[in-house]
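The residues making up each chain are set out below.
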Amino acid sequence: MQDKLHYNEKLLKTALIVDDEMVNRELLGGILEDHYHLLYAEDGQQAMDILELEHATISIILLDLIMPHVSGLNVLQFIQEHEEYRNIPVIVLTSQTTAEVDSLNMGAVDFIPKPYNMPEVILSRVNRMVELFEDRQIIKAAERDVLTGLFSQNFFYEYCDMMENYHPERDTDAVVVNIDRFHLINEVYGRKYGDDVLKILANILKDYANNHEGIAGRGEDDTFYMYLNHQDRYADLTKKIQSKFATSIKNSYMHVRIGVYNKMYEPTLLKDMFYKATLACNTIRNKYHMSVVNFDKNLRTKIVFRERLIHDIHKAIERKQFIPYFQPKYNIQGEQPVLAGAEALVRWKHPEFGMISPGSFISLFEANGLIQIVDHYIWQEAAAQIKRWKEKYGFSIPISVNISRIDFYNPKLEEWLTQIVEENELRYDELHLEITESCYADNAQQLMTTVERLRKKGFVIELDDFGTGYSSLSVLSSLPIDVIKIDMKFINSMHENHMNMRIVEMIMDIARILKTPTIAEGVETKQQHDDLKTMGCNMIQGYYFSKPLPAEEFEDFFKLSPHEKIKAQK
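These notes cover the structure that comes with them.

The rules we used
- Residues numbered from 1 in each chain as written.
- Predicted model: local features only at pLDDT ≥ 70, side-chain atom pairs only at ≥ 80, totals over all residues.
- Heavy atoms only, no water.
- Helix = DSSP H or I, 4+ residues; strand = E, 2+ residues; numbered from the N terminus.
- Rg over C-alpha atoms; globule rule 2.2 N^0.38 Å.
- Buried < 20%, exposed > 50% of the residue type's maximum accessible area, 1.4 Å probe, protein only.
- Areas by Shrake-Rupley, 256 points an atom, 1.4 Å probe, with all protein chains shown as cover.
- Lys, Arg positive; Asp, Glu negative; His and termini not counted.
- Charge placed at Lys NZ, Arg CZ, Asp CG, Glu CD.
- Pairing = 2+ DSSP bridges.
- Core = buried A, V, L, I, M, F, W, Y, C linked by side-chain atoms within 4.5 Å.
- Contact = heavy atoms within 4.5 Å.
- Phe/Tyr/Trp six-rings, centres within 6.5 Å; stacked < 30°, edge-to-face > 60°.
- Axes fitted to C-alpha atoms, helices over the stretch in contact; angles between N-to-C directions.
- Left-handed = near helix turned anticlockwise from the far one by under 90°.
- Nonpolar A, V, L, I, M, F, W, Y, C, P; charged D, E, K, R; others polar.
- Parallel < 35°, antiparallel > 145°, perpendicular 65-115°, else oblique.
- Polar contact = N/O pair within 3.5 Å; in protein donor to acceptor, adjacent residues only side chain to side chain.
- Expected span 1.5 Å × (residues − 1).
- Arc of directions from axis to C-beta.
- Salt bridge = Lys/Arg side-chain N within 4 Å of Asp/Glu carboxyl O.

A count of helical and extended segments in the protein gives 24 helices and 21 strands. The C-alpha radius of gyration computed for the protein amounts to 35 Å, which surpasses the reference 25 Å derived for 570 residues by more than 25%, pointing to a less compact arrangement than a globule. Summarising its shape, the C-alpha atoms of the protein cover approximately 110 × 60 × 50 Å along the three principal directions. Of all 570 residues assigned to the protein, the portion counted as buried reaches 48%. Element-wise, carbon and sulfur atoms account for 51% of the exposed surface of the protein, whose accessible area totals about 29000 Å². Treating the 63 positive side-chain charges of the protein as one cloud and the 85 negative ones as another, the clouds have centres 9 Å apart.

With that settled, consider the pairing of strand β2 (residues 36–41). Here six bridges tie strand β1 (residues 13–18) to β2, and the two strands are oriented parallel to one another. Looking at β2, one finds that Val 18 is bridged to Ala 41.

Membership of the largest hydrophobic core comes to 72 residues, with the highest contact counts inside it found for Phe 322, Phe 365, Leu 433, Ile 435, Leu 532 and Ile 540. The residues touching Phe 365, leaving out its near neighbours within four places in the chain, are Leu 309, Ile 310, Ile 313, Phe 322, Trp 348, Leu 370, Ile 371 and Val 374. By size, the runner-up hydrophobic cluster in this structure holds 29 residues, among which are Val 175, Ala 202, Phe 224 and Val 256.

With that settled, the discussion passes to the packing of aromatic side chains. Pairs of aromatic rings are described using the distance from one ring centre to the other and the angle between the two planes. Overall, the coordinates contain 34 aromatic pairs when judged by the stated rule. Every member of this aromatic cluster is reached through a ring pair, and the members are Phe 326, Tyr 330, Trp 389, Tyr 393, Phe 395, Tyr 544, Phe 545, Phe 554, Phe 557 and Phe 558.

It is worth spelling out unusual backbone geometry at this point. The omega angle of the peptide bond from Lys 114 to Pro 115 is -5°, so this bond is cis rather than trans. Of note, the phi angle at Glu 425 is positive, near 55°, even though the residue is not glycine. Position of Glu 425 relative to the elements: it lies in the loop between α16 (413–423) and β16 (431–436).

What follows covers the packing of helix α21 (residues 498–514) against helix α22 (residues 526–535). One can describe the packing of α21 onto α22 by two numbers: an axis separation of 10 Å at closest approach and a directional angle of 35°. Note that α21 runs across α22; the crossing there is right-handed. Residues Met 501, Val 504, Glu 505, Met 508 and Arg 512 of α21 form the contact with α22, whose own contacting residues are Asp 531, Leu 532 and Met 535. Partitioned by chemical class, the residues of the contact of α21 with α22 number five nonpolar, no polar and three charged.

The next thing to look at is the pairing of strand β8 (residues 215–218). Remark: a regular strand shows side chains that alternate across the two faces of the sheet. Of the two faces of β8, the one carrying Ile 215 and Gly 217 and the one carrying Ala 216 and Arg 218 are both buried. As paired strands, strand β6 (residues 151–152) and β8 are joined by two bridges and run parallel to one another. Looking across to β8, one finds that Phe 151 is bridged to Gly 217. Examined bridge by bridge, β8 and strand β9 (residues 224–229) share four bridges and lie antiparallel to one another. Residue pairing in the sheet places Arg 218 in a bridge with Phe 224 of β9. Counting the residues between successive antiparallel strands, the hairpin from β8 to β9 contains five residues, one of them, Asp 221, with a positive phi of roughly 55°.

This brings us to the packing of helix α8 (residues 182–189) against helix α9 (residues 191–211). At a minimum axis separation of 6 Å, α8 and α9 run at an interaxial angle of 135°. When the axes of α8 and α9 are compared, the pair comes out oblique. Here α8 contributes Phe 182, Ile 185, Asn 186 and Tyr 189 to the contact with α9, which in turn contributes Arg 191, Tyr 193, Gly 194, Val 197 and Leu 198. The class makeup of the residues in the contact of α8 with α9 is six nonpolar, two polar and one charged.

Tracing the backbone shows Glu 434 in strand β16. Among the polar contacts listed, one links the side chain of Glu 434 to the side chain of Ser 400, at a separation of 2.8 Å.

With mixed pairing, six strands are arranged side by side in an open sheet as β6-β8-β9-β7-β10-β11. Lying at the two open borders of the sheet, with one neighbouring strand each, are β6 and β11 (292–294). Sheet topology note: the strand β10 (residues 256–262)/β11 ladder contains three bridges and is parallel. Within β11, the residue paired with Gly 259 across the bridge is Val 293. Strands β7 (172–179), β8 and β9 of the sheet are contacted by α9, whose axis makes an angle of about 10° with β9.

Let us look at the environment of His 289. When you line up the elements, His 289 lands in the loop between α11 (270–282) and β11. In the structure, His 289 is positioned 34 residues away from His 255 in sequence and 9.1 Å away in space, judged by C-alpha atoms.

Below, the discussion takes up helix α7 (residues 153–166). Taking 1.5 Å of rise per residue, the 14 residues of α7 would be expected to cover 20 Å, and the 20 Å separating its terminal C-alpha atoms lies within 8% of that figure. Within α7, burial applies to Phe 156, Tyr 157, Cys 160 and Met 163. The buried residues of α7 occupy an angular sector of 120° when projected down its axis, which confines them to one face. What points out from α7, more than 90 degrees from its buried face, is the exposed set Asn 154, Glu 158, Asn 165 and Tyr 166. Here the buried face of α7 lies against β6, β8, β9 and α11.

Here we have five strands laid out as an open sheet, ordered β2-β1-β3-β4-β5, and parallel in their pairing. Of all the strands in the sheet, the pair left with one neighbour each is β2 and β5 (110–113). Here the strands of the sheet are splayed against their neighbours by 25° on average, with no regard to which way each runs. In terms of strand pairing, strand β4 (residues 90–94) meets β5 through four bridges, oriented parallel. Paired with Thr 94 across the bridge in β5 is Pro 113. The sheet contacts of helix α2 (residues 22–32) involve β1, β2, β3 (58–64) and β4, and relative to β2 the element is tilted by about 170°.

Bringing the pattern of salt bridges into the picture now. Under the definition given, this model contains 30 salt bridges. Of the charged contacts, one joins Arg 308 and Asp 312 as a salt bridge, the two residues approaching to 2.8 Å between their closest N and O atoms. Within this pair, Arg 308 and its partner Asp 312 are both found in helix α12 (residues 297–318), separated by four residues, close to a single helical turn. As a salt-bridge pair, Lys 526 and Asp 530 come within 2.7 Å of each other at their nearest N and O atoms. Within this pair, Lys 526 and its partner Asp 530 are both found in helix α22, separated by four residues, close to a single helical turn. What makes Lys 526 exposed here is its relative accessible area of 52%.

And the structure:
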């Protein structure tokens, strides 16, 4: 029996009765004891002490106003000064009707007059207040994002609608804020670090929205929203964000993207405004030189174009509109350069837009996963071309193809590549695979495991764009690769920028230590060619020898020496 009473007591909600007169405490206790677990305080100070210890379990407070030393009004003030206590409803116990207004202003929700001669009414009022405040807490929990305290997405839209209904004449902006590659922040530095970043950003956006008569909310993951008075420039906001990150957390550089839709550009539904702000925000994903973009006529045209490309991709594959182009790689460490291979690149011959460069669609397809479709097509075309040239000329020229991040983490990658090689009766070392340094940052262990399996098969692995990632040295020391490709940005400016020249020299030194061949991309001048040869670079590719060419034009390289080809192009 005792155990049952103890169990039931745990299920009861807790009420704190604060009164300096024992008779009053007992009277109220008698009314509530069958429905509540009861705590008692004989004065205001004792009530505050109990609150500090038990506030998480207290559902309601019945508070006498007139007490010696610390009055009920003092306790109300104490409650209002502590955010963690404000959600507890307080019913004031008083015989002074003049105190009602002061008590309401200080946070009380109801009154029970003395003497306590209507016990059923008192119990009903207490029960009703507990129910109302529990409902309010449920609503508040749904209204606010737990981590940041900002409005949740649904409630954010509701409040935006209310603001718009009350002030339809206001010139307002829908703003979407996002952090580039936020998943890597969690992965590299841990969830707590990522949560700290989100809370700091949320506080900045909340203050900024408040200062411009607006509100802020949080969507999924690292997506935030603001609805506020129109601002001509948001550069000051990006500066505040970077400054706060720099002073608040370690490893603080992050690229924050801001997309803006101004209502006056083209009045539309609220959610459409945020959809277009999101589209604007996404156009500068991974473009670290840009932080803010406004949705306008030019952006609309660009977005429509991009949506059209997404829509047309399957038809393009079916009708072979994607055309492989080949850029030669030359070994330059002999008396004369020798053709050593080629890189397969892609062009899109669109029936309406004409020849589309890869810069217009590669990053777009990478962002939504469609790049796999293009990659697989080009792998197959490149392998088939190797076979045709072998049959036509009697020798093999290795061709490298790009492997996107999404491809490398697909468990079927090895199966796909093996099937392509075997269908075209090739050796595995005739199809080279180019991976980018950024793949290493996503999942280093899985990448290393996949690369080791492919190398054991006989595939040649080339590390593309080397020097542009944050983990270059760790990549080289741990990732099994066959060739290092030096990013063209270092080559293009190495004679104008002494630092880039030193970087190229250091990469060559590292490659010699690792006994790994190097390819320099983007070589355009004789001076670049000569200096790279002196440094010990094994191969080069770039406009010095040729731009990327379709297969039939590339065949000229089988007939002419490199110097004859350069002379012919001039």
